[in-house]
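What follows is the residue order along each chain.
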Amino acid sequence: QNKTSRGFSKLYQFVADPPTVTMQRLKGLTTGGLPTFADITGSFGGASIEEDSWVEQLKNSPWEQRMMHNNYHKPQIAFVGDDTWIDLFPTQFDDAHPYPSFNTRDLDTVDNGCLLHLPRLLDRLAGLKTNNDPTTKVPPFELMVSHFLGVDHVGHTYGPNNPHMEKKLQQMDNMLSSTLDRIDNAPEKSCIVAFVLGDHGMTEDGNHGGGTSEEVNAGLFVHFSPGCNAREGYDQRIDGREIGSESTQAFDSIHQIDLVPTISLLLGLPIPYANIGGLVTAILPTPYGENEEMDTSSSTPYIATALALNAAQVWTYLHTYSQTSRDLPRERLLELKELLNSASTLYRGAIIQSQKELQDNTYHDSTEFRQACGLFKIFLAESTDLGKQVWTQFNENGMMIGICILSLAWVLANPLWKRDVRKQIGMILCWFGTNNRIAMNGASEDQFASSLQSFRLLEVAASLICMIFYSGVLTFGNSYIEHEREIVTFFLAILCLLVFRRWNYESNRNATTTAVSAYLPLVVILCSRIHDVFVTGHGLDPSIRLHASHNALVFLPALTVLLALRFRWFELTHALSVSKFIDVLTTVCLGCSWWEKRTRDHSRNGHEFAQASMIFVMIGVMHAVYCTGSELTSRVNESRVQRSWKLLCHSRLVLFRVMMFLVIVTGPSTACTAVIVLVQCAALSQMMMQSKARAEFDAPVMAAMWRLLIRQIFFATNHHCSFNRLHFTAAFVATDTFQFHIAGFSLFMNTFGWELLGTLLLLLTSRFTTNFTTADSKDGHSRVWDWFCFYQCTETLASCISVSAMKRHLMVWAVFAPRFMFAAIFTGMGLMFWFIDALLLFTHNSYSKPKDMGKEGRD
C-alpha cells in the first residue's frame, strides 16, 4: 500500500501451466483451459480462439443485463500491444492497435506504441471519463488490454541481468505510476480494477517455454480505485481455516486460469464454459453497507454465492465432458460430486438460517457460509487437478499401432540382419574366446593380433552400451534428458579414448598406421571441450559484450580461418575461380554485418550486409549444386575413383555453403563453432579413411562417434530439446519485419541445421569413399551409415515408448513431449536422407553399369 495513493494494491505469485509460450498463456488466461504443446504451432500466427472466453462474452453479452442501462452507448473494448491478441481475437476488439511481436531484438516498437495510445484510451475508460454525458457520440471503454513486450524482448536478446533490463523496467515503472495515478483520481463511486501481470517467467538466460519454476512463476499485481472499498486486510476475510489446511492451501494458491472466473464475475459475465479455474476471492471488491460504507460482515454471503456459481459451472463442464469421453475416472467424479453436494448443502442451509434469524433478505456472515466457501474452494482445486491430469485425450490404440510400426522398422533396420555383419561379429567373439590359448603359445605376432581384436571388441561393446543408454534408457528419465549435453560429451570422450588406445598401440607395431593419424580421436575430444568451455553466446545479440566470441578480435580471425579452410579443403584446384570469389564476398559481408551490430548506434543494425551475405550464400549453393549435377551427367571417360572424388568435393562444397547460412542466422559465436566443427568432421572423415583393415568391425563405433558428435554440436550451439531454447532471433538477422516463411525457415535451420549437415556429410563420406578405398573397407564404410540410421531409429522408438508410458507424468509436457517431438523431427530428416541415399545409389549404378558392360564386351 503506497501512503500517497488513494487506492489499494496487492501483489500475488502467479503460477502458469506449461508450455510457457505467449499464445498458449493468453489462451489459458481468457478461456480458463489448459493449452498443451499440441498448440505450439499456433504461436506463429493464424490460431484464433474458437472456445468460449470472457473476451467473446464481453463482446456479445447484452450490456443492459449487466446493470449498465444508464449508458446510452454500449461500452467498447480497446487493445494495444502484442499482435498475438489480434491473432487470437481478430474481430472482438472495437479499438485495436497491434504491433509485431516476433522481432525480439526490437525492444521499443511495441512499448512505444502502447505508451502512445494508452493516455487516449484511458480518457475514454468508463469511470475515468471526466465528461460522463451520455449524449456524447463517443462510447466509453469498459475494458482495456495493454500488452507490453520490452521486458520479454530484453530477456530473449540480452538476458535478465543486462543494463537494458534496468532501463526497460524503469520505463515500465514510470508507465505504471502515471496509469495508477489516473485510477486513484477516479470518482468516488467508480470501481476500477487494474491487473498488472506476467504471462510467464524467464530462465537465467532470458528464455521461456518449458516448465521450470523460473518459467512458470510470474507476478500478479492488482490495484483498486478508491471506489472499490478495498482496504488493508480485507483479503483475509475468508481463508478456509474453518475446514482445515487443505482448504487454506486452496485459497493461497493462485494459478493463471483462476483469473478467468474472477474477471468474468467482476464484469458481470457468465464464466466461460470450459473453464476449470477457481475464483480468487481476495480480488473481489467488498460490497457497500447500508450507510455506503464497507461492511465486511456482509461480504461472506456474496463470496459464497460467487464460489457456488463457479463450482456449478465447473461441474457442468466436467459432467458433460464425462458423457462424451471416458478419460475422467468415475471414482474421482463421484468424490467431486459428493464434495459439491456437501458444499451446496451448507450453502443452502446458511441462506435459510440467515433468513430465519433476520426475517429479511439481508444475508450476514456465519460459520456455515465460511465452511461452504472452504468446501467450494476445495472442490474447485481438486477439479483443476483432475482436469490437468486428463485434459489431453490420448489415443492409446493409435499409440500402440505407432509403436508397433516403429518396432517393425527397428527390427528391419537392424544391421545384424546382414550376413557379413553377423559373421564378422561372430569372428570377433570367437577370437576373443581363444585369447588365453594364444597368450600361452607365446607368439608375439599372435599376441599382437589378439590384443587388437580385444581392443576392437571393447570398442564395439562400449559403443553399443553407450548408444543403448543414450538412445534408449535416457528417454525414460527427465533428469537424464535435462543433462543430455553432459552425457553426450562424456560418451563421445569415452569412445574417442578407446579408439586412440588401439590406434596408438597399432602405430607402434604397424607402419601402415601413422603416429599422426593415431591422434585424430584426441583432436575430436579436444575440440569438443574447447567448444563447450570457450565458445558461448550462440543465438544472442552481437552487441552483448559478455561473450568473448562476440568480440571482433575473435570472430574476424575465425572468419579468416574459415575462409582459409574453405580454400584448402573444398576446392579441386588452387587457382582463382568464381566459386572462391563468391565465398570471399559472403564472408566479408558477414563480418561487416556483425561489426555493425556491435556498435552503440542502434540505427546501424547490419541488415543490409546480412542480406547481401545471404544472397551470396544462395548463389554459391546454386552454383555448387549445378557443378554437382554437371558432374553426375558428365560422359567424360574417367575412372570411378576420379568421378567419386569430384562428386564428394562438389557435395562438400554445397554443405559448406549451407553451413555459412547457419553461421549467418546464429550469430558471431558460430564463426568459432564452424571452424571447430570443420576440424572435428575432417578428423572423423580421415579416421574412416584410415580404417583399412577389417573396417566392418569399426562401423558401429564410427557410427556412434558420428551420432554423438552431431548431437554434441547441437547442444554446444546453445540448443536443447526444449522450446525455451529456440533462437527466435534467427528470424530477424536480416530484417525488422516478420515474414512467416522466411522466419520459419531461418528458425528451422538455426535449430536443426547442424543435424542436417552432419548427417548428410556422413552419408556422402560413407558412400563415396567406398569407391576409392581398399576392398576390405568398402563394406565397413557403407555399414557406418546403416548403423547410424539404426541408432536414430532406436532413439525414436524409445522416445515414442517413453512418452506413451509417461503420458500422466508430472513432467510430460515440460520434458518428455518436447524430447519426443525433437526426436521425431530428427528421424524425419533421417528418413529424407535415406531416400536421398537410395537415389544416389540408383543414379550411381545407372551411370556405371553401361561403362562396365561396354568394357566387358571389349574384353
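Computed from a prediction, not measured in an experiment: that's the story for all the values here.

Definitions and limits used
- Residues numbered from 1 in each chain as written.
- Predicted model: local features only at pLDDT ≥ 70, side-chain atom pairs only at ≥ 80, totals over all residues.
- Heavy atoms only, no water.
- Helix = DSSP H or I, 4+ residues; strand = E, 2+ residues; numbered from the N terminus.
- Buried < 20%, exposed > 50% of the residue type's maximum accessible area, 1.4 Å probe, protein only.
- Contact = heavy atoms within 4.5 Å.
- Areas by Shrake-Rupley, 256 points an atom, 1.4 Å probe, with all protein chains shown as cover.
- Pairing = 2+ DSSP bridges.
- Axes fitted to C-alpha atoms, helices over the stretch in contact; angles between N-to-C directions.
- Phe/Tyr/Trp six-rings, centres within 6.5 Å; stacked < 30°, edge-to-face > 60°.
- Lys NZ or Arg CZ within 6 Å of the ring centre and 35° of its normal.
- Patch = residues over 30% accessible without salt bridge, like charges linked within 9 Å, V, L, I, M, F, W, Y side chains within 5 Å.
- Salt bridge = Lys/Arg side-chain N within 4 Å of Asp/Glu carboxyl O.
- Core = buried A, V, L, I, M, F, W, Y, C linked by side-chain atoms within 4.5 Å.
- Disulfide = S-S within 2.5 Å.
- Lys, Arg positive; Asp, Glu negative; His and termini not counted.
- Parallel < 35°, antiparallel > 145°, perpendicular 65-115°, else oblique.
- Nonpolar A, V, L, I, M, F, W, Y, C, P; charged D, E, K, R; others polar.
- pLDDT = per-residue confidence, 0-100.

Counting its regular elements, the protein chain contains 29 helices and 6 strands. Looking at the 859 residues of the protein chain, the share that counts as buried comes to 54%. Contacts spanning at least 24 positions in sequence make up 73% of the contacts within the protein chain whose residues lie at least 6 apart. When the accessible surface of the protein chain is summed, it comes to about 38600 Å², and 60% of that surface belongs to carbon and sulfur atoms.

The next point concerns the sheet that holds strand β2 (residues 76–82). Taking strand neighbours across the sheet as the criterion, the 3 strands line up as β3-β2-β4 in an open arrangement whose pairing is parallel. Strands at the two margins of the open sheet, each flanked by one partner only, are β3 (95–99) and β4 (141–147). Neighbour to neighbour, the strand axes of the sheet diverge by 5 degrees on average, direction disregarded. As paired elements, β2 and β4 share 6 bridges and run parallel to each other. Counterpart to Q76 in the pairing with β4 is F141.

The relation between two aromatic rings is expressed through the spacing of the ring centres and the mutual angle of the planes. Applying the stated criterion across every chain yields a total of 30 aromatic pairs. Between F748 and F752, the aromatic rings sit 5.1 Å apart at their centres with planes inclined by 45 degrees, giving tilted as the arrangement. One end of the pair, F748, and the other, F752, are both in helix α27 (residues 740–768), 4 residues apart, so they sit about a helical turn from each other. Classification of F748 as partly exposed rests on a relative accessible area of 33%. By relative accessible area, F752 is classed as buried at 7%. Aromatic side chains W785 and F788 sit 5.9 Å apart centroid to centroid with 15 degrees between the ring planes, which places their arrangement in the stacked category. Residue W785 and its partner F788 are both found in helix α28 (residues 775–805); the two are separated by 3 residues, about one turn of the helix. We note that W785, like F788, is buried. Among the aromatic side chains, those forming a connected cluster through ring pairs are F714, F715, F748, F752, F822 and F826. Directly above the aromatic system of F567 lies the positively charged group of K580, at a separation of 5.6 Å from the ring centroid.

Turning our attention to a nonpolar patch on the surface. A surface patch of nonpolar side chains, about 490 Å² in accessible area, is lined by I615, M618, I619, M622 and F745. At 4 residues, helix α23 (residues 607–633) tops the list of elements feeding residues into the nonpolar patch. Mapped onto the elements, I615 comes out in helix α23.

For the rest of this paragraph, the subject is the nonpolar core. One finds L562, M705 and W706 to be the most contacted residues of the largest nonpolar core, which totals 108 residues. Counting 36 residues, the second-largest nonpolar core is a separate cluster that includes I257, A274, L284 and L328.

All right, on to the state of the cysteines then. A covalent bond between the sulfur atoms of two cysteines is referred to as a disulfide. Evaluated as defined, the whole model comprises 1 disulfide. With no disulfide of its own, C589 lies 6.5 Å from the sulfur of C592, the closest cysteine sulfur. Among the residues examined, C589 registers a relative accessible area of 11% and is labelled buried.

Moving on, we get to the side chain of E215. Topologically, E215 is positioned in helix α7 (residues 213–216). Although E215 lies buried, it forms no salt bridge, and the closest oppositely charged side chain, R725, sits 8.7 Å away as judged by the N-O distance. Among residues more than four places away in sequence, those in contact with E215 are T20, H200, G201, M202, T203, N207, H208, G209, G210 and N724.

Before going further, it helps to spend a moment on the pattern of salt bridges. A full pass over the atoms with the stated rule returns 17 salt bridges. Among the ionic pairs, R485 bridges to D532, the shortest N-O distance being 3.0 Å. Of the two residues, R485 sits in helix α18 (residues 484–507) while D532 sits in helix α20 (residues 520–534), which places them 47 residues apart along the sequence. When its relative accessible area of 25% is taken as the criterion, R485 is described as partly exposed. A salt bridge links D583 to R566; its shortest N-O distance comes to 2.3 Å. Of the two residues, D583 is situated in helix α22 (residues 578–597) and R566 in helix α21 (residues 552–569); the sequence distance between them amounts to 17 residues. On the basis of relative accessibility, which here comes to 4%, the residue D583 falls in the buried class. Linked through salt bridges whose partners overlap, the residues forming this network are E484, R707, R711, E755, E795 and R819.

Residue position: E486 is located in helix α18. Given a relative accessible area of 48%, E486 falls into the partly exposed group. When the C-alpha atoms of E486 and F715 are compared, they prove to be 9.2 Å apart, with 229 residues separating the residues in sequence.

Working note: a packed helix pair is described by the angle between its axes plus the distance between those axes. With their axes 9 Å apart at the nearest point, helix α5 (residues 150–158) and helix α6 (residues 163–184) run at an angle of 175 degrees to one another. By the criterion of interaxial angle, the relationship of α5 to α6 is roughly antiparallel. Between α5 and α6, the contacting residues are G150, V151, V154, G155 and Y158 on the first element and H164, M165, K168, L169 and M172 on the second. Here the residues of the contact of α5 with α6 sort into 6 nonpolar, 3 polar and 1 charged.

Attention shifts here to the sheet that holds strand β1 (residues 8–15). Strand order in the open sheet formed by 3 strands is β1-β6-β5, with antiparallel pairing between adjacent strands. Both outer strands of the open sheet, β1 and β5 (193–197), are each paired with one neighbouring strand and no more. Averaged over all neighbouring strand pairs, the angle between strand axes comes to 20 degrees, with direction disregarded. Pairing of β5 with strand β6 (residues 217–224), which is carried by 5 bridges, proceeds in the antiparallel orientation. By the bridge assignment for β6, L197 is matched with L220. Of the strands in this sheet, β5 and β6 are in contact with α6, which crosses β6 at around 35 degrees.

On average, the protein chain scores 81 in pLDDT, and the residues at 70 or more come to 78%. Note on residues 772–777: pLDDT is under 50 here. Beyond four places in sequence and across chains, it has 15 contacts.

Another point: the pairing of β3. Side chains D95, H97 and Y99 project from β3 onto a buried face, and the interleaved A96 and P98 project onto a face without burial. Two elements, β2 and β3, share 5 bridges in a ladder whose sense is parallel. Counterpart to F79 in the pairing with β3 is A96.

So, on to the environment of N414. Relative to the elements of secondary structure, N414 occurs in the loop between α13 (396–413) and α14 (419–433). We classify N414 as buried; its relative accessible area is 16%. The sequence separation of N414 and D786 amounts to 372 residues, and the corresponding C-alpha distance is 8.1 Å.

Here the focus is the environment of D385. Relative to the helices and strands, D385 resides in helix α12 (residues 367–390). Its relative accessible area of 39% is what places D385 among the partly exposed residues. Each C-alpha atom of the pair D385 and I276 lies 9.1 Å from the other, and the pair is 109 residues apart in sequence.

Attention now goes to unusual backbone geometry. At N718, a residue that is not glycine, the phi angle is positive and equals roughly 65 degrees. Within the secondary structure, N718 sits in the loop between α26 (699–716) and α27.

Positionally, Q313 belongs in helix α10 (residues 299–324). Classification of Q313 as buried rests on a relative accessible area of 11%.

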